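Residue-level listing of the chains:
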Amino acid sequence: MSLSFAYIAMMMVGTQAPLFTDILYDSLCITDQSLYSNGVGNYCGGDGAIGGAYDVQAADGFSIEAGVLVTAVTIDSLTFLGLTPDKVCVGFHEDDDGDCFAEEYPRYYEETTNIEASPFKDRVFGYQGVRTRATLAHPVMLRPGTWFGAIQPSSSDWGYVPVAYGSCGSQGYDCGLNYRDGGEANGCCDGAGGYGVEQWQNDFYGLKVPMRIEGIPAGDCRGGEQVVATCMPGDGERSGKIIVRVRKGQPSGTVTALLDPPDPRSVSIPLNDRGRGKGKFKDVALGEHRVFVCDSVVDVTCAP
């Protein structure tokens, strides 16, 4: 099943547009419809619930057909105490050889405290369900292909991720769940040492976890783009504008630029037949800013 994008942008390319995220993958219907009948550990911590720290990590597979900038992820957990996580560990692992095993090391990784948590009713086991949405401070550029998203809450609570066969929501990748056991007192998302194993295991073929991945199309990224961002401040304390220039891009393509996650603005930048283009962000405040285009991250300062 192909994943279609519903990204909406202003008709005037190369100028500032509001950010409309697309749901790239979604299987939260597993918990919404209580379709699960089992679960696996997917938490880091637990000293407040089970009297000691433990680290077990799960990852689920999905596929994309065009490059995307991932901006937010959501995971459902069945917890002992129902606590809001202190942080969420997010990793994206490739499956470039199609063997249904996630690569050991993530291609992209972030620990974020920018999270929103809300309860949901666990009608199957009677635990306290917690739905956690984490917004990424560093949008992740994923190229077309198959990936595993490892989304793991961390706190003094302890929890499981419910699993079900892929009978609802987004499909696109049928290999299903990977997991690894990091054992006692290991760092979050390490998945190494102690009582566990470092390599991902795939004992749950076809099973899916309830998660959602959001983002926007990255545009015609081919790798190696040269990106420069400069600020033109206003007079005195007035806001200015940031000019983003792209070189060595896809000839006659279009790329997306994001400004200042985790609540970014976007610009669509058309490229000419030499792979060059320019876009701008208006009404930019004085201070430090960060621009994301394809694989490039550029810091820029607006000063009077």
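Everything below is about the structure printed above this text.
Summarised in this report is the structure supplied together with it. Fair warning: this is a prediction, and the values are worked out from it, not measured in the lab. (Residues numbered from 1 in each chain as written. Predicted model: local features only at pLDDT ≥ 70, side-chain atom pairs only at ≥ 80, totals over all residues. Heavy atoms only, no water.)

In this structure the tally under the stated criterion is three disulfides. In this model, Cys221 is linked to Cys294 through a disulfide, with the two sulfur atoms separated by 1.9 Å. Across the S-S bond of Cys221 and Cys294 the torsion is about -80 degrees, and the bridge reads as left-handed. With Cys221 in the loop between β16 (211-217) and β17 (226-232) and Cys294 in the loop between β22 (287-293) and β23 (296-302), this residue pair connects regions lying 73 residues apart in the sequence. Grouping residues by exposure puts Cys221 and Cys294 together as buried. (Disulfide = S-S within 2.5 Å. Helix = DSSP H or I, 4+ residues; strand = E, 2+ residues; numbered from the N terminus. Buried < 20%, exposed > 50% of the residue type's maximum accessible area, 1.4 Å probe, protein only.)

Here we take up the pairing of strand β2 (residues 22-26). By the criterion of burial, β2 is predominantly enclosed, with four of the five residues buried. Strand direction decides the pairing type here: β2 and β16, joined by four bridges, are antiparallel. Paired with Tyr25 across the bridge in β16 is Ile213. (Pairing = 2+ DSSP bridges.)

Residues Val124, Phe125 and Tyr127 make up a contiguous nonpolar surface patch of about 250 Å² in total accessible area. Relative to the elements of secondary structure, Val124 occurs in the loop between β9 (115-121) and β10 (128-142). (Patch = residues over 30% accessible without salt bridge, like charges linked within 9 Å, V, L, I, M, F, W, Y side chains within 5 Å. Areas by Shrake-Rupley, 256 points an atom, 1.4 Å probe, with all protein chains shown as cover. Salt bridge = Lys/Arg side-chain N within 4 Å of Asp/Glu carboxyl O.)

Inspection of the entire model under this criterion finds 11 aromatic pairs. For the ring pair Tyr25 and Phe62, a centre distance of 6.1 Å and an interplane angle of 40 degrees mean the geometry is tilted. One end of the pair, Tyr25, is in strand β2; the other, Phe62, is in strand β5 (residues 54-64), with 37 residues separating them in the sequence. Grouped by ring-pair contacts, the aromatic residues Tyr36, Tyr43, Tyr54, Phe80, Phe125, Tyr127, Trp158 and Tyr160 constitute a single cluster. (Phe/Tyr/Trp six-rings, centres within 6.5 Å; stacked < 30°, edge-to-face > 60°.)

Another aspect to go through is the sheet that holds strand β18 (residues 240-247). Spatially, the three strands line up as an open sheet ordered β17-β18-β21, and their pairing is antiparallel. At either margin of the open sheet sits one strand with a lone partner, and together these are β17 and β21 (277-284). On average, each strand axis in the sheet is inclined to that of its neighbour by 15 degrees, with strand direction left out of account. Inspection of the sheet shows β18 paired to β21 by six bridges, in the antiparallel sense. Among the inter-strand pairings, Val244 is bridged to a residue of β21, identified as Gly279. (Axes fitted to C-alpha atoms, helices over the stretch in contact; angles between N-to-C directions.)

Here we take up the environment of Thr301. The residue Thr301 is located in strand β23 in this model. Through-space distance from the C-alpha of Thr301 to that of Leu286 is 7.5 Å; in sequence the pair is 15 residues apart. Once residues within four sequence positions are removed from consideration, Thr301 is found in contact with Cys231, Gly287 and Glu288. A polar contact of 2.7 Å, which involves the side chain of Thr301, links it to the side chain of Glu288. (Contact = heavy atoms within 4.5 Å. Polar contact = N/O pair within 3.5 Å; in protein donor to acceptor, adjacent residues only side chain to side chain.)

We now examine the pattern of salt bridges. Under the criterion given, the structure shown has nine salt bridges. The partner of Asp26 in a salt bridge is Arg212, and the shortest N-O contact between them spans 3.0 Å. Here the residue Asp26 occupies a position in strand β2, and Arg212 occupies one in strand β16, the gap between them amounting to 186 residues. The class of Asp26 is buried, set by a relative accessible area of 16%. The exposure class assigned to Arg212 is partly exposed, which follows from its relative accessible area of 22%. Salt-bridge contacts for Glu111 lead to Lys87; the nearest nitrogen and oxygen are separated by 2.8 Å. Residue Glu111 is located in strand β8 (residues 108-112), and its partner Lys87 is located in strand β7 (residues 87-94); the two are separated by 24 residues in the primary sequence. For Lys87, a relative accessible area of 24% translates into the label partly exposed. One salt-bridge network, in which partners are shared between bridges, spans Asp32, Asp76 and Arg131.

Moving on to the nonpolar core. If you look at the biggest cluster of nonpolar residues, it comprises 28 residues, and the most contacted ones within it are Phe62, Val70, Val73, Phe92, Leu142, Met211 and Ile213. Sequence-distant contacts of Val70, that is, excluding residues within four places in its chain, are made with Leu24, Phe92, Leu136, Pro139, Val140, Leu142, Ile213, Glu214 and Gly215. Counting 27 residues, the second-largest nonpolar core is a separate cluster that includes Val227, Cys231, Ile242 and Val255. (Core = buried A, V, L, I, M, F, W, Y, C linked by side-chain atoms within 4.5 Å.)

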